[in-house]
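Structural description and commentary
Here is how the chains run, residue by residue.
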Amino acid sequence: MSSSSGVPESWISSFCSLIGHEYFAEVSEEFIEDDFNLTGLQTQVAMYKEALEVGMILDVEPEDDEEEEEEEEEDEDQSALGDALTARERRHHSRMASDLSVIESSAEMLYGLIHQRFICSRAGIQQMSEKYELGHFGACPRTNCEQARTLPVGLSDIPGEDTVKLFCPSCLDVYVPPNSRFQTVDGAFFGRTFGALFLLTFPDYDLTRRGSEVLSGTLSRISGNEPTLNGFFEKNIAPNLGTGHIYEPKIYGFRVSERARSGPRMQWLRERPSNIRDLDEARLYAEQNPDSEEDDESMNVNGRVVVRRRGPGSARLRQRQTQNGSPMALSANGAESEL
Amino acid sequence: MEDFASESDSDYTSYWRDWFISSRGNEYFCEIDEDYLTDRFNLTGLNTEVQYYQYALDLVTDVFDLDCDDEMRETIEKSARHLYGLVHARYIVTTRGLAKMLDKYKKADFGKCPRVMCHSHPLLPMGLSDIPNLKPVKLYCARCEDIYNPKSSRHAAIDGAYFGTSFHNIIFQVYPALIPAKSTERYVPRVYGFKVHAAAALVRWQSAKRDDMRRRLRKLDVDTGFRGDDGVEDDEEGDVEFEGVDGGRMIAGADGNIR
Ligand SMILES: [Zn+2]
């Protein structure tokens, strides 16, 4: 378990090197040591303190145990000799085995929940971008996505609800990871926000590039004056949807008609307007309603939140988001009510 | 459908075909009947497609008795596999072939759809071309009507022409009861609970396309295929959406710094 250099491997790096944990970033100790980042986790994880400190995530030594401290000094000498892991092992032996397995699983839960937050931080999302560039998250299984690189996501932020999935930026859909070893990894450890936040944070990854092109520094990035729409480079909006990327069912060369009972019903899911500007709702709305007030167009709040309002008479205008309990929803709703 | 319970297969011992379909990597193939293989009509045109055609056919039907060296044997073996694949594409669109593939489909022998919203719907093998050596086999999901790459590299190397471009569509014409109900359930990317504007705009546009199709079909009195299709749309909620910054690079605050 110790690395070749003889330096003891931390709990975090050994956790991340386990089979099935390939998608995880290594959360920095700096991030964990900032109490602010851990707000609210005490109540979510059993044996929180033990999981965090005593020989687990942070590898902090207990201060109230003289005997163990002595052992630790011994071990420092030993680790200098390359025998690294004994400190933790011996500490482990001094505990009840059942206690340890509870703490170990608490530590995994805690690490996962911290990880969900970390990969949405500046340092964490940067680390995930390096893994993305190296192809650590695999490729979209959809044939028409042509091996587009995917991102690990959760469909829930609450642990225990669902396993990790892969989000494909080229078709904006989610898939089950191909290898069954990921089917025990909790999706909440990646969370609902990371996938989309990644696209917003790194808008200039050129999603139309494949293979060796993505490894070349210049081609992998969109440069200069590419047109943008709705906050994205136009060419990066679901590039593997639309004409030429939609499966057309055929029998002996003849297209199966929509009118047939077995005819195509799902092509809309893979469609994309041939003129992407058709997605410029604010412009279209203004064109169709030349007399409407400016207020009805999309508004850009703080550079990144758009408050959309539908045309007058829309019953949905005041409908609230009900699907998430995040405090952000409240503040945004509050913001909207001021408009 | 007809009853295929009484098979003539059990009267024969089909060594080569037994070996072939039980070999690792050949899970997508069903066993072609002796009767079908020995009817020359079914093999029309394949003699020019397959090297050492007669020896290959003899091998597939267990009557091969040529005394030859290993190299020759290997060449004929390869031809036999190719011949089997080409006949397979024809066989699986016969009544019996469809029924055999249906059994495998029901057992999910071809795998399950990787798309999360398809909830592990079983897949069917398909080719993007009927001409051999052009495109490897793909997997079709009748629920999302899209095609996927096989997970295993052994399967990904199989010639798609051994399944053809029509089989996976014909099976649903022959067994319309098997057509899965279509679903509007889909993934919408979100940041701190808010939809991403660019993706949400595309979703709205696609939903409008879908509603147009439903109206078109209802007018023609054709089954739209969506369960509980009452025309009520379900995917709109919330007015606040995230947008990136036009042109420029941005770092969205991890603290969700929205005011
Ligand atoms: Zn599917």
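Residues numbered from 1 in each chain as written. Chains lettered and ligands numbered in written order. Predicted model: local features only at pLDDT ≥ 70, side-chain atom pairs only at ≥ 80, totals over all residues. Heavy atoms only, no water.

By the naming in an unreviewed UniProt entry, chain B goes by Casein kinase II subunit beta and is assigned to Bionectria ochroleuca. Listed under Subunit (unreviewed entry) in UniProt, the entry text for chain B is "Tetramer of two alpha and two beta subunits." (UniProt positions renumbered as here; feature names shortened; annotations may be inferred.)

For chain A, the name recorded in an unreviewed UniProt entry is Casein kinase II subunit beta, with Bionectria ochroleuca as its organism. UniProt's Sequence similarities (unreviewed entry) comment on chain A is quoted here verbatim: "Belongs to the casein kinase 2 subunit beta family." Regarding chain A, the relevant UniProt record gives this comment under Subunit (unreviewed entry): "Tetramer of two alpha and two beta subunits."

Before going further, it helps to spend a moment on the overall build of chain B. Each helix and strand in chain B was counted, giving 8 helices and 6 strands. The secondary structure elements of chain B, listed N-terminal to C-terminal, are α-α-α-α-α-β-β-β-α-α-β-β-α-β. For chain B, contacts bridging at least 24 residues in sequence account for 62% of all contacts bridging at least 6. Here chain B displays about 11800 Å² of accessible surface, and carbon together with sulfur accounts for 48% of that area. (Helix = DSSP H or I, 4+ residues; strand = E, 2+ residues; numbered from the N terminus. Contact = heavy atoms within 4.5 Å. Areas by Shrake-Rupley, 256 points an atom, 1.4 Å probe, with all protein chains shown as cover.)

Bringing unusual backbone geometry into the picture now. Among all residues save glycine, negative phi is the norm, and among peptide bonds the norm is trans. All names here are of chain A. Phi is positive for Gln 147, close to 65°, though the residue is something other than glycine. Mapping Gln 147 onto the fold places it in the loop between α7 (122–133) and β1 (151–153). Residues other than glycine seldom take positive phi values, yet Tyr 252 does so here, at roughly 50°. On the secondary structure map, Tyr 252 appears in the loop between β6 (250–251) and β7 (254–255).

Quick look at the coordination of the zinc ion now. Residue and element names in this part refer to chain B. Within the first shell, the zinc ion binds the protein through Cys 113 (SG), Cys 118 (SG), Cys 141 (SG) and Cys 144 (SG), at distances of 2.3 to 2.4 Å. For the zinc ion, the 4 donor atoms are set out with angles of 101 to 119° between them, so the coordination reads as tetrahedral. Written as a sequence motif, the donor residues of the zinc ion are C-x4-C-x22-C-x2-C. With Cys 113 in the loop between α5 (95–106) and β1 (123–126) and Cys 141 in strand β2 (residues 138–141), the pair connects residues that are 28 residues apart, well separated along the chain. Grouping residues by exposure puts Cys 113 and Cys 141 together as buried. (Donors = N, O, S within 2.8 Å, 3.2 Å for Na, K, Ca; no water. Tetrahedral: all angles 85-135°; square planar, octahedral: opposite > 155°, others 65-115°. Buried < 20%, exposed > 50% of the residue type's maximum accessible area, 1.4 Å probe, protein only.)

So, about the nonpolar core. In terms of nonpolar packing, the biggest core is built from 135 residues, with Ile32(A), Leu110(A), Tyr111(A), Ile114(A), Phe190(A), Phe198(A) and Phe163(B) touching the most fellow members. Among the elements that line this core, the one with the most residues is helix α6 (residues 97–118) of chain A, at 8 residues. Within the second largest apolar cluster, 7 residues are counted, among which are Met266(A), Met213(B), Leu217(B) and Val222(B). (Core = buried A, V, L, I, M, F, W, Y, C linked by side-chain atoms within 4.5 Å.)

The subject of this paragraph is the layout of surface pockets. As a volume, the second largest pocket reaches approximately 700 Å³. Forming the walls of the second largest pocket are 35 residues, and the residues nearest its centre are Pro178(A), Asn149(B), Pro150(B), Lys151(B) and Ser152(B). If you tally residues by element for the lining of the second largest pocket, the top one is helix α6 (residues 153–156) of chain B, at 3 residues. Here the lining of the second largest pocket is composed, by residue class, of 19 nonpolar, 9 polar and 7 charged. (1 Å grid on protein atoms, 1.4 Å probe; cavity = no way out; pocket = protein on both sides within 12 Å on 5 of 7 lines; lining within 4 Å. Points joined across faces, edges and corners; volume = space filled by probe spheres on them. Nonpolar A, V, L, I, M, F, W, Y, C, P; charged D, E, K, R; others polar.)

The next point concerns the packing of α7(A) against helix α8 (residues 194–201) of chain A. All names here are of chain A. It is at 11 Å that the axes of α7 and α8 come closest, and there the two elements cross at 90°. Looking at the two axes, α7 sits roughly perpendicular to α8. Within the contact between the two elements, α7 uses Ile 125, Met 128, Ser 129 and Tyr 132 and α8 uses Phe 194, Leu 197, Phe 198 and Thr 201. Across the contact of α7 with α8, the residue classes break down as 6 nonpolar, 2 polar and no charged. (Axes fitted to C-alpha atoms, helices over the stretch in contact; angles between N-to-C directions. Parallel < 35°, antiparallel > 145°, perpendicular 65-115°, else oblique.)

Quick look at the sheet that holds β1(A) now. Residue and element names in this part refer to chain A. Strand order in this open sheet of 3 strands is β1-β2-β3, and the pairing throughout is antiparallel. Looking along the sheet, the strands with just one partner apiece sit at the ends: β1 and β3 (173–175). The average angle at which neighbouring strand axes cross in this sheet is 40°, direction not considered. For strand β2 (residues 165–168) and β3, the ladder comprises 3 bridges, and the chain directions are antiparallel. Pairing of Cys 168 across the sheet is with Asp 173, part of β3. The sheet contacts of α8 involve β1 and β2, and relative to β1 the element is tilted by about 140°. (Pairing = 2+ DSSP bridges.)

Time to look at the confidence of the model for chain B. Interpretation of this model should avoid reading the predicted coordinates in detail wherever pLDDT is low. Residue and element names in this part refer to chain B. Of all residues in chain B, 84% have pLDDT values of 70 or greater, and the mean over the chain is 87. Throughout residues 230–235 the model reports pLDDT below 50, and contacts reaching past four residues in sequence, or to other chains, amount to 11 contacts. Every residue in residues 245–259 is under pLDDT 50, and counting partners more than four places away or in other chains gives 43 contacts. Taken together, the chains of this predicted complex give a pTM of 0.81 and an interface ipTM of 0.86. (pLDDT = per-residue confidence, 0-100.)

Residue and element names in this part refer to chain A. Along β2, one buried face is formed by Lys 165 and Phe 167 and the opposite face, lined by Leu 166 and Cys 168, is buried too. The pairing of β1 with β2 spans 3 bridges and is antiparallel. Within the sheet, the bridge partner assigned to Val 153 lies in β2 and is Lys 165. Linking two consecutive strands that pair antiparallel, namely β2 and β3, is a turn of 4 residues; a positive phi of about 55° is found at Leu 172 within it.

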